[in-house]
Amino acid sequence: MKIVILGAGQVGGSLAESLASERNDIVLVDIKEKTLRELGDRLDIGVVQGHASHPDVLQNAGIEDTDILVAVTSNDETNMAACQVAHSLFRVPTKIARVRAASYLKYPQLFDSQSIPIDVLISPEQLVSEYISRLIEHPGALQVLDFADGRVQLVAVRAVQGGPLVGHQLRYLREHMPRVDTRVAAIYRRNSPIIPQGDTVIEAGDEVFFIAARADIRAVMSELRRLEQGYKRITIAGGGNIGLRLAHMLESRYSVKVIEQNHARCVALSEELSNSIVLHGSASDQDLLLEESIDDTDVFLALTNDDEANIMSSLLAKRLGARKVMTLINNPAYVDLVQGGDIDIAISPQQTTIGTLLTYVRRGDMVNVHSLRRGAAEAIEVIAHGDSRTSKVVGKRIEDIDLPEGAAIGAIVRETESGSEVLIAHDDVVVKTDDHVIVFLVDRRYTRHVEQLFQVGFSFF
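Rules used in this analysis
- Residues numbered from 1 in each chain as written.
- Predicted model: local features only at pLDDT ≥ 70, side-chain atom pairs only at ≥ 80, totals over all residues.
- Heavy atoms only, no water.
- Pairing = 2+ DSSP bridges.
- Helix = DSSP H or I, 4+ residues; strand = E, 2+ residues; numbered from the N terminus.
- Axes fitted to C-alpha atoms, helices over the stretch in contact; angles between N-to-C directions.
- Contact = heavy atoms within 4.5 Å.
- 1 Å grid on protein atoms, 1.4 Å probe; cavity = no way out; pocket = protein on both sides within 12 Å on 5 of 7 lines; lining within 4 Å.
- Points joined across faces, edges and corners; volume = space filled by probe spheres on them.
- Nonpolar A, V, L, I, M, F, W, Y, C, P; charged D, E, K, R; others polar.
- Polar contact = N/O pair within 3.5 Å; in protein donor to acceptor, adjacent residues only side chain to side chain.
- Parallel < 35°, antiparallel > 145°, perpendicular 65-115°, else oblique.
- Left-handed = near helix turned anticlockwise from the far one by under 90°.
- Salt bridge = Lys/Arg side-chain N within 4 Å of Asp/Glu carboxyl O.
- Buried < 20%, exposed > 50% of the residue type's maximum accessible area, 1.4 Å probe, protein only.
- Phe/Tyr/Trp six-rings, centres within 6.5 Å; stacked < 30°, edge-to-face > 60°.
- Lys, Arg positive; Asp, Glu negative; His and termini not counted.

1. A short note on the sheet that holds strand S7 (residues 141-147)
Part 1 of the argument: If you trace the five strands from one edge of the open sheet to the other, you get S7-S8-S11-S9-S10, paired in antiparallel fashion. In this open sheet, the two strands that pair with only one neighbour each are S7 and strand S10 (192-194). Sheet twist, expressed as the average angle between the axes of neighbouring strands with direction ignored, equals 20 degrees.
Part 2 of the argument: In this sheet, S10 lies alongside strand S9 (residues 182-189) in antiparallel orientation, the contact comprising three bridges. The residue of S10 that forms the bridge with Tyr188 is Pro193.
Part 3 of the argument: Packed onto the sheet, helix H6 (residues 124-137) meets S7 and strand S8 (152-158) and runs at close to 115 degrees relative to S7.
Part 4 of the argument: Each of S7, S8, S9 and strand S11 (207-213) touches helix H8 (residues 217-224); the most contacted strand, S11, lies at about 155 degrees to it.

2. A few points about the sheet that holds strand S4 (residues 68-71)
Part 1 of the argument: Strand order in the open sheet formed by six strands is S3-S2-S1-S4-S5-S6, with parallel pairing between adjacent strands. The open sheet has two free edges, formed respectively by strand S3 (46-49) and strand S6 (120-122), since each of these has just one partner strand. Going from strand to strand, the sheet's axes swing by 15 degrees on average, the running direction of each strand aside.
Part 2 of the argument: For strand S1 (residues 2-6) and S4, the ladder comprises four bridges, and the chain directions are parallel. What sits directly across from Leu6, in S4, is Ala71.
Part 3 of the argument: Its contacts with the sheet put helix H4 (residues 76-90) on S1, S4 and strand S5 (94-98), and the angle it makes with S5 is roughly 170 degrees.

3. Here's the deal with empty space enclosed by the protein
Part 1 of the argument: Counted according to the given criterion, the structure contains two cavities of 30 Å³ or more.
Part 2 of the argument: One number sums up the size of the largest cavity: a volume of about 40 Å³.
Part 3 of the argument: Residue lining of the largest cavity: Thr235, Lys257, Ile259, Leu279, Leu289, Glu292, Ser293, Ile294 and Thr297, and that is the complete set.
Part 4 of the argument: By residue class, the composition of the lining of the largest cavity is four nonpolar, three polar and two charged.

4. Details of the environment of Ser129
Part 1 of the argument: Looking at the secondary structure, you find Ser129 in helix H6.
Part 2 of the argument: The sequence separation of Ser129 and Leu246 amounts to 117 residues, and the corresponding C-alpha distance is 5.2 Å.
Part 3 of the argument: If we skip the residues at most four places from it in the chain, Ser129 touches Ile242, Arg245, Leu246 and Met249.
Part 4 of the argument: Polar contacts involving the side chain of Ser129 include one to the main-chain carbonyl oxygen of Glu125, which spans 2.7 Å.

5. Considerations on the packing of helix H1 (residues 10-20) against helix H14 (residues 349-361)
Part 1 of the argument: Taken N-terminus to C-terminus, the directions of H1 and H14 make an angle of 50 degrees; their axes are 10 Å apart at the nearest point. Comparing the axis directions of H1 and H14 gives the class oblique. Note that H1 runs across H14; the crossing there is right-handed. Seen from H1, the contacting residues are Gln10, Val11, Ser14, Leu15, Ser18 and Leu19; seen from H14, they are Gln350, Thr353, Ile354, Leu357, Leu358 and Val361.

6. What to know about the pattern of salt bridges
Part 1 of the argument: Scanning the model with the defined rule gives 27 salt bridges in all.
Part 2 of the argument: A salt bridge links Lys34 to Glu38; the nearest nitrogen and oxygen atoms lie 3.0 Å apart. Within this pair, Lys34 and its partner Glu38 are both found in helix H2 (residues 33-42), separated by four residues, close to a single helical turn.
Part 3 of the argument: Looking at Lys34, the relative accessible area reads 55%, which means it is exposed.
Part 4 of the argument: Two residues, Arg158 and Glu207, come together in a salt bridge whose shortest N-O distance is 3.9 Å. Taken together, the residues Arg158 in strand S8 and Glu207 in strand S11 connect sequence positions 49 residues apart.

7. Quick notes on the pairing of strand S19 (residues 377-383)
Part 1 of the argument: The element S19 is extensively covered by neighbouring structure, given that seven of its seven residues are classed as buried.
Part 2 of the argument: Here S19 shows no split at all, with Ala377, Ala379, Glu381 and Ile383 on one side and Glu378, Ile380 and Val382 on the other all buried.
Part 3 of the argument: Where strand S18 (residues 366-372) folds back onto S19 in an antiparallel hairpin, the turn is made up of four residues, including Arg373, whose phi is positive at roughly 50 degrees.
Part 4 of the argument: Bridge count between S19 and strand S22 (residues 436-441): six bridges; the pairing is antiparallel. By the bridge assignment, Glu381 is partnered in S22 with Ile438.

8. Comments concerning the packing of aromatic side chains
Part 1 of the argument: Tallied over the full model, the rule gives two aromatic pairs.
Part 2 of the argument: Relative to Phe209, the ring of Tyr188 lies with its centre 5.8 Å away and its plane at 70 degrees, an arrangement referred to as edge-to-face. Of this pair, Tyr188 sits in strand S9 while Phe209 sits in strand S11, and the two are 21 residues apart along the sequence. Assigned by exposure class, Tyr188 and Phe209 land together as buried.
Part 3 of the argument: Seen in terms of ring centroids, Phe209 and Phe440 are 5.2 Å apart; in terms of plane orientation they differ by 50 degrees. Their pairing is tilted.

9. Quick notes on the packing of H6 against H14
Part 1 of the argument: Running from amino to carboxyl end, H6 crosses H14 at an angle of 105 degrees, the nearest separation of the two axes being 9 Å. Here H14 runs roughly perpendicular to H6, going by the angle between their axes. The segment H6 lies against H14, with Pro124, Leu127, Val128 and Tyr131 engaging Pro349, Thr352, Thr353 and Thr356.
Part 2 of the argument: For the contact of H6 with H14, the per-class residue count stands at five nonpolar, three polar and no charged.

10. Considering the side chain of Asp30
Part 1 of the argument: Take Asp30: it is sitting in strand S2 (residues 25-30).
Part 2 of the argument: Of the buried charged residues, Asp30 lacks a salt bridge, with Lys32 as the closest side chain of opposite charge at 5.6 Å.
Part 3 of the argument: At a separation of 2.8 Å, a polar atom in the side chain of Asp30 contacts the main-chain amide nitrogen of Lys32.
Part 4 of the argument: If near-sequence neighbours (up to four positions away) are discounted, Asp30 is found in contact with Gly7, Ala8, Gly9, Leu36, Val48, Gln49 and Gly50.

What follows is the structure, encoded as structure tokens:
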């Protein structure tokens, strides 16, 4: 596919790198010549300097024969205008835009072919807020990813000494929990992936990815680590778009405090929020944190736009007694440096956003794509089409499907007359037409193989 990406920031640059490695024809447009030159030298992509919404700049990028336009500049209006130009002048089939301002997002009727022609609207703040909300729902999880509208979840946890399964083979899990069906999709030990087998022994410190029906997640987590008590008190540092959205999501179920440095923003937050306490001050002010009983806080979330401020306030909150600390970090180089020490979870907005973008630029009928392990691994939800003559997966048992090395089918969601049925992927399960199949890939390089596996032969048409 030919894909034009507008904006060479963290999201645009990461997306270009991800897609270029899959042998797509990528052109990156940005106003900053130095950034473009660095990315063009490092990646096998085309680059064009100029204003992303200008028709002549888009023409220089080859917009006339482009399959997908992805507008992810830092300016909402530029992204929207670029999609309008691409539609009106060049009839680009698929237009994806990042729009951040809640003022626009309140009016979804704006974004259709009769108004502003955007096919897929991406709101990073919304995606990150939902991601954090899922982590808060599952205390102790490192990642929680939804599939099939939340009916199935993929969860990453750190196995700790004392967990019932630690030191035992994986087959022991089924014997120990006969009424709960789950599958371990991958294990990372000292940052190296292990493909799980029945005789694989879980060790303390392993990062375990397992998949199960939503209702069974806590039961499986209890096998790998002692279950943490549910959270009650949440402190959010930063009342920007993400902080406000998250407070809205949480305030009906948790006791929420928001710390914001800008006084005018504090006033706006207090008017927007119903049950949250809004505090004017700095999240790095030790006296303020002590005064607000930080040692009684279950989760401290640092969500400002400043990585260094987030890291420092998180370290301080942890030292003063906050039970769990989660930190928003935009610079990918910082993420691995800080996670797992005093900072429990480092949240990368780029990885959350890129997974959603990949859903729409992949071949095959993809419903969800989640980027994992800083982009090295992926979890994919793909719909099986065709029949036993035209499909390489339909009508086959899972053990007979030609999956690439490092790939595992974790679960299948099947629509029946009585509703949705979640089938954990054991070897004898047979894939049927229209099944939602959830595939875990420890190496993203094999994504194309999975795409081809689920594509339908010509005789189907």
